[in-house]
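Read off the chains here:
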Amino acid sequence: MTRHLGNLPGSETVTSFVGRRAMVGEIRALLGSARLVTLLGPGGMGKTRLAIRVGETAHRAFADGVWLVELAELRDPALTDHAIIDALGVPDRSAESSEEVLIEHLQDKSLLLVIDNCEHLLDACGNVIAAVLRAAPGVRIIATSREALHVPGEHVVPVPPLSFTSSDEGGGDGNPLRYEAVELFVQRAAAAVRGFTLDAENHEAIARLCARLEGMPLAIELAAVRLQSMGVNEMLDRLEDRFQALSTVVRGAPARHQTLRAAVEWSYALCSPAEQTAWARLSVFPGGFDLDAALAVIGHDSLTAQESTDAVTGLVSKSVVLRQVRSAGARYHMLETIRQFGQELLRGSDAELDVGRRHMHHFADLAARACHDWSGPRQREWSSMLRREQVNFREALRFGFDNDADPSVAVRTTVDLRHLWVMGAGREGREWIDKAVAALHADTPLRAEALWVAGWVRQVQGEPTGSSAILTECIDAARRHGDQVTLARAELFLGVNKLIGDELDEAEMLLSGSRAMYRSLGAEDSESLIGLAAHGWLRLIEGDSREAEEIAEECRRLSRDIGECWAATWALWVLGLIGWTRSDDILATAALREAIEIKRELGDWLGIPCCVEVLVWVLAESGQHRRAARLMGANRELWVPIGQPMFGFVTYLQAHENYTATLREALGDAQFEAEHTAGSHLSPDATVDYALGTPRQTRTAASSPLTRREGQVARLVAEGLTNREIAEHLVISPRTAEAHVENILTKLGYTSRAQIAAYVRADHSPDSRPAQSR
Ligand SMILES: Nc1ncnc2c1ncn2[C@@H]1O[C@H](COP(=O)(O)OP(=O)(O)OP(=O)(O)O)[C@@H](O)[C@H]1O
Ligand SMILES: [Mg+2]
């Protein structure tokens, strides 16, 4: 291989480069028009490696070579020009100023300069780069920095983490090696530990480890080296303190990469005192934050609101805090490594409790506002806020119950978060609400409120008996306190339990009593409307489907009047049941589909399986047996996080059993099982798509008929791999590989592997982009 002009490290001196193919291409393309590209990101994210990689692949475009200038060790900004001159190997002509020497050398060259680690010399780098760009039109520059240079014409390219499985739950689907982070880990582990390979035993733990390390290359390399002394699982256990777990010293690496702590400390040292304080305080957010939340937590004693805003902005510009712009506004988060460093700073300091308390109050207020405003036109917004902030709510509740002498804020918040709990977070809600009830010893109005929420949560989990006991206690308490609203709510949900328990007279009494109370209070809200929907349901169970329909429609109308939509989806569920009872497929399907669509928007993962269940029955009745069986298998998974299906209503549990038998008989055991199993592999979202009958858009290029996995196989075929080699590469059986190839041939109407290769080369290949990082 001919040695190119320049001073990039030779391939023999560096470790293998992993992933980022598309990005390398994009940066090269960008260099066609941009003169200065700054690769931006936190320490250890892979900026230097990426810059060098781009330099290697772009060599041909630069007749005078690619030159790397390393500034990490340079402390004196005045020597920046010298460092560049040195790197370029320009002879010292001391008569001229260093800038003149540099310009003279570069002005008619066609050359790429890679200036590495500018963050601690921003002004000096900015000046010399601006001068070079002015005087030397053939020069292009890639800078790496944790902070932008703000030179005219600068193109900032943030360097994201390597891709990793989005769930912390394990290997994700398919081949773990398709995640860049896993590939890096495996390569470095194989170099560090003789005989190491990725296998069926360890791949899940490794995928999880890479997810926990958020795809940060430096952390992954340190973890891989650490394998010499501990197993992957042990490392996962120890990651609570990642600085400890990854404290191996790697010889040969630059000092700031020998430990993770050193990489973070380098950033910390470059922060102003206000930014350092903010860094520590912001570490209280486990789940990201918006600016309001940040200011609520950091803007006090030593920092004014303005200083706090500036500090957040400063931390963003230094890549300590990462900023994403979403439809709901800007949102910020810290990589876990950086957050843990902040927590260390905070722990044991005077500010620790104060910061925790501020965090708690902020989220308590937010929950209160969401709850107060829930039954209206902003319901969708509030519901997505509840889910977005769930981790922060959890932290606020933990703090409130564990650290605060007075648990009433945490109890209030648990009550206010009830819509989150009953929309599919029942298990978590149950824990908090039971804690809340237990925390209040005195017989206060707040305790009574906690009781009805505790009863409601048990109801959605399918435990009517336990729920009734608590609601009865609540009714007594609410009477004692003269709290009409709580009384109306408790009676309503107790009425539903009576319905479920087939005590229809009692149900009628409670539901109409509750309705009358609501009327006299003049307060229609989601809860009262759910009571109305339940009344319709009761009529249906009593056999009066006409009146049931009228009540359900009235519920929808009233819900529309106040601009809410969640209670309306329960009325739609009742309409679905009415359609099913009357064998009116059209009514049932339309109502259930509409309910499912809205519930998906709201994230109501309790309501969705309730609707899907009825849809399964309707499909089974109308002879769509395979579809019904598949959807049944899928829906079973949706019940898992909730508890007993269909509120534990025996009639419906029996209907489920009957339809299972019907489907088994119609399809035969083998086919029923096959469909049911296929369904159980669908993701929640795919289940909803299937229920709605909108086949999921293949996640691949729209023009390609191939699935993502088939696309991978096609590319490997194009690379000349045999079925056996493909199987090895993708960690699947040779038979599966063969089946994929057969499918590809059939779908494309081809007969040979050569045709597949031609197809891939024509760039029809789906998913040629790397897996999306989070
Ligand atoms: N794509 C990659 N393939 C293989 N190794 C990588 C990749 N990206 C980063 N690494 C490795 O991860 C470590 C950190 O990467 P790098 O030095 O590029 O980080 P950086 O962003 O430049 O950090 P700093 O801000 O501290 O200079 C290095 O050992 C590097 O070799
Ligand atoms: Mg670097």
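Residues numbered from 1 in each chain as written. Chains lettered and ligands numbered in written order. Predicted model: local features only at pLDDT ≥ 70, side-chain atom pairs only at ≥ 80, totals over all residues. Heavy atoms only, no water.

An unreviewed UniProt entry lists the chain under the name LuxR family transcriptional regulator, with Saccharopolyspora karakumensis as the source organism.

With that settled, consider the overall build of the chain. In terms of regular secondary structure, the chain is built from 38 helices and seven strands. C-alpha extents for the chain along the principal axes are approximately 105 × 75 × 50 Å. Looking at the chain as a whole, 54% of its 774 residues qualify as buried. Pairs at least 24 residues apart make up 70% of the contacts formed inside the chain by residues separated by at least 6 positions. As presented, the chain carries roughly 33,300 Å² of accessible surface, and 50% of it is formed by carbon and sulfur atoms. Computed over 81 positive and 106 negative side-chain charges, the inter-centroid distance for the chain is 4 Å. (Helix = DSSP H or I, 4+ residues; strand = E, 2+ residues; numbered from the N terminus. Buried < 20%, exposed > 50% of the residue type's maximum accessible area, 1.4 Å probe, protein only. Contact = heavy atoms within 4.5 Å. Areas by Shrake-Rupley, 256 points an atom, 1.4 Å probe, with all protein chains shown as cover. Lys, Arg positive; Asp, Glu negative; His and termini not counted. Charge placed at Lys NZ, Arg CZ, Asp CG, Glu CD.)

Note on aromatic pairs: each is described by the distance of the centres and the angle between the planes. The full count for this structure, using the stated rule, is 26 aromatic pairs. Ring centres of Y268 and W279 lie 5.4 Å apart, and the angle between their planes is 75°; on these two criteria the pair is classed as edge-to-face. Here Y268, found in helix α11 (residues 260–269), pairs with W279, found in helix α12 (residues 273–282); they are 11 residues apart in sequence, far enough to count as distant. Their ring planes at 90° and their centres at 5.8 Å tell us that W537 and F649 sit as a pair that is edge-to-face. You can see W537 sitting in helix α26 (residues 526–542) and its partner F649 sitting in the loop between α31 (625–639) and α32 (650–667), a full 112 residues away along the chain. Across the pair, exposure class does not vary: W537 and F649 are buried alike. Ring pairing ties together the aromatic residues W537, W570, W573, W580, W617, F647, F649, Y652 and Y659, which thus form one cluster. Sitting above the plane of the W570 ring, K599 keeps its charged end 3.7 Å from the centroid. The positively charged end of R627 is found above the aromatic ring belonging to Y690, 4.7 Å away from the centroid. (Phe/Tyr/Trp six-rings, centres within 6.5 Å; stacked < 30°, edge-to-face > 60°. Lys NZ or Arg CZ within 6 Å of the ring centre and 35° of its normal.)

Let's shift gears to the site of ligand 1. Around ligand 1 lies a shell of 20 residues, among which K47, T48, E221, R256 and H257 are the nearest. At 3.2 Å, a side-chain N or O of N117 approaches an oxygen atom of ligand 1. Burial of ligand 1 by the surrounding chains reaches 93%, relative to a free accessible area of 620 Å². Secondary structure elements with two or more residues in the shell around ligand 1: α2 (47–57), α6 (180–192) and α8 (217–226). A breakdown of the residues in the shell around ligand 1 according to their chemical character gives seven nonpolar, seven polar and six charged. When residues of the shell around ligand 1 are sorted by domain, at least three fall in each of domain 1 (21–158) and domain 2 (176–255). (Near = heavy atom within 4 Å. Polar contact = N/O pair within 3.5 Å; in protein donor to acceptor, adjacent residues only side chain to side chain. Nonpolar A, V, L, I, M, F, W, Y, C, P; charged D, E, K, R; others polar. Domains from an automatic or database assignment.)

Before going further, it helps to examine the sheet that holds strand β5 (residues 154–158). Strands sit in the order β2-β3-β4-β1-β5 across an open sheet of five strands; the sheet is parallel. Single-partner strands in this sheet number two, and they are β2 (66–70) and β5. On average, adjacent strands in this sheet sit at an angle of 20° to one another, irrespective of strand direction. Note: strand β3 (residues 111–116) against strand β4 (residues 139–145), five bridges, orientation parallel. Of the residues in β4, the one forming a bridge with L111 is V139. Docked against the sheet, α2 engages β1 (36–40), β2, β3 and β4, running at close to 160° with respect to β4. (Pairing = 2+ DSSP bridges. Axes fitted to C-alpha atoms, helices over the stretch in contact; angles between N-to-C directions.)

The next thing to look at is the confidence of the model for the chain. Summarising the model, the chain shows a mean pLDDT of 87, and 93% of its residues fall at 70 or more. Taken as a whole, residues 168–172 scores under 50 in pLDDT and shows 15 contacts with residues more than four places along the chain or in a different chain. Scored below 50 in pLDDT, residues 695–702 makes 11 contacts in the model with residues more than four places away or belonging to other chains. (pLDDT = per-residue confidence, 0-100.)

Another point: the environment of Q459. Take Q459: it is sitting in helix α22 (residues 445–460). Residue classification places Q459 among the buried positions, given a relative accessible area of 4%. Sequence separation of Q459 and P609 is 150 residues, and the distance between their C-alpha atoms is 15 Å. What Q459 contacts, discounting residues up to four positions off in sequence, is S467, F493, V496, N497 and F647.

With that settled, consider the packing of helix α28 (residues 566–581) against helix α29 (residues 585–602). In contact at an axis separation of 8 Å, α28 and α29 are set at 155° when each is read in the N-to-C sense. When the axes of α28 and α29 are compared, the pair comes out roughly antiparallel. As α28 runs across α29, the sense of the crossing is left-handed. Mapping the contact onto sequence places W566, T569, W570, L572, W573, L575, G576, I578, G579 and W580 in α28 and L587, A588, A591, L592, E594, A595, I598, K599 and L602 in α29. When the residues that make up the contact of α28 with α29 are grouped by side-chain class, the tally is 14 nonpolar, three polar and two charged. (Parallel < 35°, antiparallel > 145°, perpendicular 65-115°, else oblique. Left-handed = near helix turned anticlockwise from the far one by under 90°.)

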